[in-house]
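Architecture at a glance
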Amino acid sequence: MDRCARCGERGRPYDHLGVRRWRHLDIGCTRLLLEHAPRRVDCAEHGVTVAMGPWAKRKSAYTRDFERQTAWLSVHAPRSAVSALMRVDRKSVGPICERVADELRAEQGAGLFDGLRSIGVDETGYRKGHTYMTVVVDHDRGRVIWMHQGRGQKVFDLFFQALTPARRESIRVAAGDGARWIDEYVFRWCPMAERILDGFHIVSWATDALDKVRTTAWREARKTGTAGKGAKDPVKGARRALPKNGPDLTATQRAQLECVANTNETLWEACKLKERLRMILRQTADEAAPMPRQWAADASLSGIEEFSKLGEKIDRRRFDILRTIRSGLSNARLEAVNNRIKTTIKIGYGYRNLGNRIALVMLKCGGLNLRLPGRQ
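Residues numbered from 1 in each chain as written. Predicted model: local features only at pLDDT ≥ 70, side-chain atom pairs only at ≥ 80, totals over all residues. Heavy atoms only, no water.

1. Observations regarding the environment of Val 19
- With respect to the helices and strands, Val 19 occurs in the loop between β1 (12-16) and β2 (20-27).
- Placed 16 residues apart in sequence, Val 19 and Glu 35 show a C-alpha to C-alpha distance of 6.4 Å.
- With near-sequence residues (within four places) excluded, Val 19 lies in contact with Glu 35, His 36 and Ala 37. (Helix = DSSP H or I, 4+ residues; strand = E, 2+ residues; numbered from the N terminus. Contact = heavy atoms within 4.5 Å.)

Rendered as structure tokens:
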């Protein structure tokens, strides 16, 4: 007996439909189409419906092999290149990725949430106009496990609702930025979990404050007529060097920072505060214990408005920062996952549908077993 294409249950044969075509992988430069007259079955749950075909998904005009190859290429190339290579319409690439991602997640089942211990939550912009999606990452395995449109407490609540009580109890560490709604919902759903701030966001607070100080210094220099032309100006020319890690600076960037140190005392002091905060995160838990409060005091006394405000924030979240250091959660792994997500979103800028874009991120960063046909 044939099976229902919707639920997979066996059904009694009903009749035959006319001949249909499915696009398959090309043979050389020649298109290959599969023709078949599918049956309809009488399903106990869904009534009379099309029987399941082993080579294609329901309501798809492409074979499984064709869709897998298209999805694999979409992860590694822009949509326009995939469309030209596979000879399909650009609008068809996104839905193909979504169908493949859904199929791979169904094959993996609920195991995607098994063994969760350390999770991270972040908000990622995917379009101009402050449009965001919430991303939850499994830090131990370095992969995305859940994504949803929007941000805030209501969206984060949906993630915990998708977990069983046993999976919620297994979570021991929840990392994220300093948003208070994250604290509230982690405590509500996982009271035994330790709330930490990931180092990526802690340092970003300082780099954002530093950029505001640089912008203010540049505007003041323009008003007084002391600003140089273009990149020759010491303040504007150091725009990329200021937020960079000290060991990663090039010889040119080191020279730019030396010029800033000699010409703008306020900006140089802000740069040193940023580096000090970064170095605190590299200390051991015992060594770092008094450092956040001391840094907050120095930032408040610096006379720099942006860092005075940041000093209050660091002092308020100092225990979370110390828990971050004590947890030993690698900042390099967090940054690697964040960079992969952002790179994939850039590749998917041509996708209008958010579901297609989420599917692309899950295929690239979700640990799904996506392989080329015949390479399993």
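2. Some details on the side chain of Ser 118
- Along the chain, the position of Ser 118 falls in strand β6 (residues 118-127).
- In contact with Ser 118, not counting residues within four places along its chain, are Val 137, Asp 138, His 139, Asp 140 and Val 173.

3. Observations concerning the sheet that holds strand β10 (residues 194-197)
- Pairing is mixed across the open sheet formed by five strands, whose spatial order is β8-β7-β6-β9-β10. What marks the edges here is a single partner per strand, and that holds for β8 (143-149) and β10. Averaged over all neighbouring strand pairs, the angle between strand axes comes to 25 degrees, with direction disregarded.
- Across three bridges, the pairing between β6 and strand β9 (residues 173-176) is parallel. Within the sheet, the bridge partner assigned to Gly 120 lies in β9 and is Ala 175.
- Sheet strands touched by helix α4 (residues 153-161): β6, β7 (131-138) and β8. Its angle to β8, the strand with the most contacts, is close to 130 degrees.
- Contacting β6, β7 and β8, helix α16 (residues 354-365) runs over the sheet at an angle of about 170 degrees to β8. (Pairing = 2+ DSSP bridges. Axes fitted to C-alpha atoms, helices over the stretch in contact; angles between N-to-C directions.)

4. Description of empty space enclosed by the protein
- In the structure shown here, the tally under the stated rule is two cavities of 30 Å³ or more.
- Roughly 90 Å³ of internal volume is contained in the largest cavity.
- Taken together, 13 residues make up the lining of the largest cavity; nearest its centre are Gly 120, Asp 122, His 139, Asp 198 and Asn 338.
- At the level of elements, β6, β7, β9 and α15 (331-347) are the ones that each hand at least two residues to the lining of the largest cavity.
- Its residues assigned to classes, the lining of the largest cavity shows six nonpolar, five polar and two charged.
- Of all the secondary structure elements, the ones that give two or more residues to the lining of the second largest cavity are β6, β7 and α15.
- Considering every element that reaches the lining of the second largest cavity, the biggest residue donor is α15, with three residues.
- Broken down by class, the residue content of the lining of the second largest cavity amounts to three nonpolar, two polar and two charged. (1 Å grid on protein atoms, 1.4 Å probe; cavity = no way out; pocket = protein on both sides within 12 Å on 5 of 7 lines; lining within 4 Å. Points joined across faces, edges and corners; volume = space filled by probe spheres on them. Nonpolar A, V, L, I, M, F, W, Y, C, P; charged D, E, K, R; others polar.)

5. Quick look at unusual backbone geometry
- One non-glycine residue, Arg 87, lies in the positive phi region at around 55 degrees.
- In this fold, Arg 87 is placed in the loop between α2 (79-86) and α3 (90-108).
- Classification of Arg 87 by relative accessible area gives partly exposed; the value is 31%. (Buried < 20%, exposed > 50% of the residue type's maximum accessible area, 1.4 Å probe, protein only.)

6. Brief notes about the sheet that holds strand β4 (residues 39-43)
- The sheet built from three strands is open, its strands ordered β1-β4-β5 with antiparallel pairing. At either end of the open sheet lies a strand with only one pairing partner, and these are β1 and β5 (47-50). Sheet twist, expressed as the mean angle between neighbouring strand axes with direction ignored, is 35 degrees.
- Two elements, β1 and β4, share four bridges in a ladder whose sense is antiparallel. Following the sheet pairing, Asp 15 is matched in β4 by Arg 40.

7. Points about the pattern of salt bridges
- For the structure shown, the criterion picks out 26 salt bridges.
- Here Asp 102 makes a salt bridge to Arg 105, at a shortest N to O gap of 2.9 Å. Residue Asp 102 and its partner Arg 105 are located together in helix α3, separated by three residues, close to a single helical turn.
- On the accessibility criterion, Asp 102 (36% relative accessible area) is partly exposed. (Salt bridge = Lys/Arg side-chain N within 4 Å of Asp/Glu carboxyl O.)

8. Some points on the layout of surface pockets
- The computed volume of the second largest pocket comes to approximately 470 Å³.
- Looking at the second largest pocket, it is lined by 23 residues, and the ones nearest its centre are Ala 5, Val 50, Ala 51, Met 52 and Gly 53.
- Those elements that place two or more of their residues in the lining of the second largest pocket are β2 and β5.
- Residue contributions to the lining of the second largest pocket peak at three residues, all from β2.
- Across the lining of the second largest pocket, the residue classes tally to eleven nonpolar, four polar and eight charged.

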